[in-house]
Amino acid sequence: MKLLILAALVGLCLAQHNPNTKHNRTSIVHLFEWRWADIAEECERYLAPNGYGGVQISPPSESIVVSNPWHPWWQRYQPISYNLCSRSGTEEELKDMITRCNNVGVNIYVDAVINHMCGASGGEGTHSSCGSYFNAKNEDFPSVPYSSWDFNDDKCKTPNEEIESYGDIFQVRDCRLVSLLDLALEKDYVRGKVAEYLNKLIDLGVAGFRVDACKHMWPGDLTNVYGRLKTLNTTWFSPGTKPFIYQEVSASHQNQSYLKWLFKALTQMTVFQVIDLGGEPIKASEYFELGRVTEFKYSTKLGKVVRKWDKEKLSYLKSWGEGWGFMPSDKAMVFVDNHDNQRGHAAGGASVLTFWDSRLYKIAAGIMLAHPYGVTRVMSSYHWDRHFVNGKDQNDWMGPPSNANGSTKPVPINPDSTCGDKWICEHRWRQIRNMVIFRNVVDGQPLSNWWDNGNNQIAFSRGSKGFIVINNDDWAMDVTLNTSLPMGTYCDVISGDKSGSSCTGKQVSVAADGRATFSISNTDKDPFIAIHADSKL
Ligand code: QV4
Ligand code: CA
C-alpha cells in the first residue's frame, strides 16, 4: 500500500503537467518577440525579484524571413530548420539567457513549432534567419534535413492539400494549415528529428515547451515524440524531472480574409460548424494525458464577463472554472489574451481583453491571478499601429519594434520602471505584477468567503492568506466583509505598494474578527482592492 502511494506520488512529481517553477512562484510571462539578451536582463533585474516563475519565449528555431509584409511576427511560425538563430538572437545569446534565467530561478519555456515547416509559397533561397538554403516547392530543407518524403502530402485528401473543413479530423491533422508544409509525424525519422531539437533545448536548460498547433497533430504521434524527451538538466532541476508541456489546442481557425471566409461559409456550410469555440470534433481532452492544454474559452468568457457583454456579470464567477464548462483545472493553461487573439488571429473573438483596454484588462488579470483555476500566463506585448477596415485590423501582421534592417530593437527601461519604445510590458504594470505576487502568496489556499451583490461587485479570499474585492458596477461600493485574514493593517497592492512599514496606496484595516470595510468608487482608477499576508504593515 505504502509502495503504491509512493509510486503515485512519484508519478505526480514526474508529470508533464507540472511547470517545475521554483521558490513557490506560480505564473509564467510570455515575453512575445523579445530578444534573448533583453530576456536575460529581465530575469535578473525584474522577473526573479517580483516572483515570476518562468518565461515563454518566441520560437528559437530558424525561420523564414518574410519581406512582404515587412518582417511580420508570424514569420517565426514558419521553420526552415532547427538551428537556433532567430530574430531574437544567436545560439550563444540563447544559451546565455537560459543560463542566467535559471541561475535566478526563472524557467524558460520554448514555443516549439513542430507541426510544419514554412508555407508552400515560401519560395527558395536563403531568406531564412540563419541563412540556410531551402526550397519550399520541392519540400527540401537540407539543414534538418527534411525532403518531400517527410511531409504528409499523400495522406491529405483535399485537392490543394489545404485544411478545408475543421469538421474532418483527418484534414485537420494531415493537411496544411494555411499552406504550411505539414510534417509526417508518424514517421520514425521525423519524430527523431523533432525530439533531437527539443532534447537539445532540454540540454541547454529549458524547463518545458509550449507546443504549437497541437490540434493539427495526432495525439499518438505526440505521445511518441514526448516519450523520447530527456529529463531536465540537473544543473538546475532535480534528477528525473520531466519537461513541462502545454499544448496549444485552440478552437476554430478563422484566419482568412473576411470576404474569403464569408464566401466559403456561404458556399460550404460546414464552415459554420467550426466557428464556435468547442464546436469541433477534435476535443482538447484528447491531449490531457500528454500535458496541459490552453483553455481558450477562459480568455473569451473572461472578456465577456468583465465587459458585461451577453448579460454576463461578475457575480456569475462564483462557479468560475470547471463550473463554466472549462477543462479540469489541473490540465489547464490560462490567459487573459495571447499573441494570436490579441490581434484577431485564430479563436477568441472581439470580447478578448488586451492592453488596448487597460482598465478592464487589469481587472481581468486581477481575477485570473486571484482565482485558483489553472496555471496562469501573463501576456507581455508590443504596440503596433492598428488600422481597422470593416472590423479587420490591416496591420495585425506587424512585428516588434525594429530597426530599418528588420532587426528587433532592445527593450529600454524608463526611470519609472515602465518600458519604452512601444514595448508595453504589461507584466511590469503594478496591478498585474502585484497580483502575480498575490498568487504566489496564496498558492494552495482554497477559495473561500465568496461574496457578491448579485451584480458586478464581488469579493473572495484565498484561505486566510489573501483577499480581493472588485467593483465593476456603475455605482460606488461600501461594504464590510469577512476576509479571514489576521487582524492588522494591510496595504492594498492595486492602488500602491508596501514599502518598508508604509504603504503608497489605500490601507485596509482588518478587525480581530477578520472583518474589514471596503470602499471602492466606480470611478476609481482601478476599481479593485487586493491584500495578502505579505502586504501586512
Ligand atoms: C496565406 C493564406 C493561405 C494560402 C497561403 C499561400 O491564408 O490560405 O494558402 O497564404 O500563399 C501566415 C499568413 C497566412 C499565410 C501563411 C502561409 O498570415 O495568410 O497563408 O502565413 O504563408 C501564425 C499566424 C498565421 C501565419 C502563421 C505562419 O497566426 O497567420 O500564417 O503563423 O506564419 C488555428 C490553429 C492554431 C493557430 C491559429 C492561428 O489551430 O494552431 O489557428 N495558432 C498557432 C500559433 C500561431 C501560428 C500557428 C499556429 C502556425 O499560435 O501564431 O500562426 O504555426 O486556430
Ligand atoms: Ca499536421
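Since we're looking at a predicted model, the values are computed, not measured.

What counts and what doesn't
Residues numbered from 1 in each chain as written. Chains lettered and ligands numbered in written order. Predicted model: local features only at pLDDT ≥ 70, side-chain atom pairs only at ≥ 80, totals over all residues. Heavy atoms only, no water. Helix = DSSP H or I, 4+ residues; strand = E, 2+ residues; numbered from the N terminus. Rg over C-alpha atoms; globule rule 2.2 N^0.38 Å. Buried < 20%, exposed > 50% of the residue type's maximum accessible area, 1.4 Å probe, protein only. Contact = heavy atoms within 4.5 Å. Pairing = 2+ DSSP bridges. Axes fitted to C-alpha atoms, helices over the stretch in contact; angles between N-to-C directions. Donors = N, O, S within 2.8 Å, 3.2 Å for Na, K, Ca; no water. Core = buried A, V, L, I, M, F, W, Y, C linked by side-chain atoms within 4.5 Å. Disulfide = S-S within 2.5 Å. Parallel < 35°, antiparallel > 145°, perpendicular 65-115°, else oblique. Expected span 1.5 Å × (residues − 1). Right-handed = clockwise from strand over helix to strand, strands pointing away.

A. The overall build of the protein, seen in detail. When its secondary structure is counted, the protein shows 11 helices and 24 strands. A compact globule built from 537 residues should have a C-alpha radius of gyration of about 24 Å, and the protein, at 23 Å, falls within 12% of that. Dimensions of the protein, computed from the C-alpha atoms along their principal axes, are close to 75 × 60 × 55 Å. Here the protein holds 537 residues, and the buried ones make up 57% of them. A separation threshold of at least 6 residues defines the contact pool for the protein, and within that pool the share at least 24 residues apart is 71%.

B. Spatial organisation of the sheet that holds strand β12 (residues 375–380). Pairing is parallel in the closed barrel, where 8 strands are placed in the order β1-β2-β3-β8-β9-β10-β11-β12. Ignoring strand direction, the axes of neighbouring strands in this sheet form an average angle of 30°. Relative to strand β10 (residues 292–294), strand β9 (residues 244–247) is paired through 2 bridges, and the arrangement is parallel. Across the sheet, residue Y246 finds its bridge partner in β10, namely R292.

C. Region of interest: the coordination of the calcium ion (ligand 2). Around the calcium ion (ligand 2), the donor atoms from the protein are N115 (OD1), R173 (O), D182 (OD), D182 (OD) and H216 (O), and they sit 2.4 to 2.6 Å away. Between the donor residues of the calcium ion (ligand 2), the gaps in sequence give the motif N-x57-R-x8-D-x33-H. A residue pair is termed long-range when its members are at least 10 positions apart, and D182 in strand β7 (residues 180–182) and H216 in the loop between β8 (208–211) and α6 (219–227) qualify at 34 residues. Overall, the relative accessible area of 6% leaves H216 in the buried class.

D. Structural detail: the sheet that holds strand β15 (residues 447–452). Pairing in this open sheet of 4 strands is antiparallel, and the strands run β15-β16-β17-β24 from one edge to the other. A strand with exactly one partner marks an edge of an open sheet, and here the two such strands are β15 and β24 (528–532). Sheet twist, expressed as the mean angle between neighbouring strand axes with direction ignored, is 10°. Bridge count between β15 and strand β16 (residues 457–462): 4 bridges; the pairing is antiparallel. Bridging across to β16, D452 finds its partner in I458. Helix-sheet contacts for helix α10 (residues 358–370) involve β16, β17 (466–471) and β24, and the interaxial angle to β17 is about 150°. Running at roughly 40° to β24, helix α11 (residues 430–441) makes contact with β16, β17 and β24 of the sheet.

E. Summary view of the nonpolar core. Grouped together as the largest cluster of nonpolar side chains are 132 residues, with contacts concentrated most on I39, V55, M97, F141, Y146 and F209. Top contributing element to this core by residue count: α10, with 8 residues. Those residues in contact with F209 that sit more than four places away from it in its chain are V110, A112, L198, L201, I202, L229, P243, F244, I245 and Y246. Within the second largest apolar cluster, 15 residues are counted, among which are V469, M477, L481 and V508.

F. Examining unusual backbone geometry more closely. The omega torsion of the bond from N68 to P69 falls at 0°, within 30 degrees of zero and hence cis. Inspection of the secondary structure assignment puts P69 in the loop between β2 (54–57) and α3 (91–103). Here V144 and P145 are connected by a cis peptide whose omega angle stands at -5°. In this structure, S417 is a non-glycine residue whose phi angle is positive, near 75°. Looking at where S417 falls in the secondary structure, it is placed in the loop between β14 (392–393) and α11.

G. Spotlight on the state of the cysteines. Inspection of every chain in the model, using the stated rule, returns 5 disulfides. Residue pairing for C43: its cysteine sulfur links by disulfide to C101, the two sulfurs lying 2.1 Å apart. A torsion of 90° about the S-S bond marks the disulfide between C43 and C101 as right-handed. With C43 in helix α2 (residues 36–47) and C101 in helix α3, the pair connects residues that are 58 residues apart, well separated along the chain. Considered together, C43 and C101 belong to a single accessibility category, that of buried residues. Shown here is the disulfide that connects C491 with C503, its sulfur atoms set 2.1 Å apart. Looking down the S-S bond of the C491 and C503 bridge, the torsion is 70°, so its handedness is right-handed.

H. Representation of the packing of α10 against α11 in the model. Running from amino to carboxyl end, α10 crosses α11 at an angle of 10°, the nearest separation of the two axes being 9 Å. With respect to α11, the axis of α10 lies roughly parallel. Only Q431, I432, M435, V436, F438 and R439 of α11 make contact with α10, whose side of the interface consists of Y361, K362, A365, G366, M368, L369 and A370.

I. Geometry of the environment of P59. Tracing the sequence through the fold places P59 in the loop between β2 and α3. Owing to a relative accessible area of 1%, P59 belongs among the buried residues under this scheme. For P59 and T376, which are 317 residues apart along the polypeptide, the C-alpha to C-alpha distance reads 20 Å. Ignoring any residue separated from it by four or fewer positions in sequence, one finds P59 in contact with R76, Y77, S86, D111 and V113.

J. Quick peek at helix α5 (residues 188–204). For α5, spanning 17 residues, the distance from its first C-alpha to its last is 24 Å, which sits close to the expected 24 Å at 1.5 Å a residue. Its buried side turned inward, α5 meets α3, β3 (107–112), β8 and α6. Positive backbone phi, approximately 115°, marks G205, located one or two places after α5.

K. The pairing of β2, seen in detail. Of the two faces of β2, the one holding G54 and Q56 and the one holding V55 and I57 are both buried throughout. Judged from the 3 bridges that link them, strand β1 (residues 28–31) and β2 form a sheet pairing that is parallel. Paired with I28 across the bridge in β2 is G54. Between β1 and its parallel partner β2, the chain crosses via α2, and the hand of that crossover is right-handed. By the bridge criterion, 4 bridges tie β2 to β3 in an arrangement that is parallel. Paired with V55 across the bridge in β3 is I108. Running through α3, the crossover from β2 to the neighbouring parallel element β3 is right-handed.

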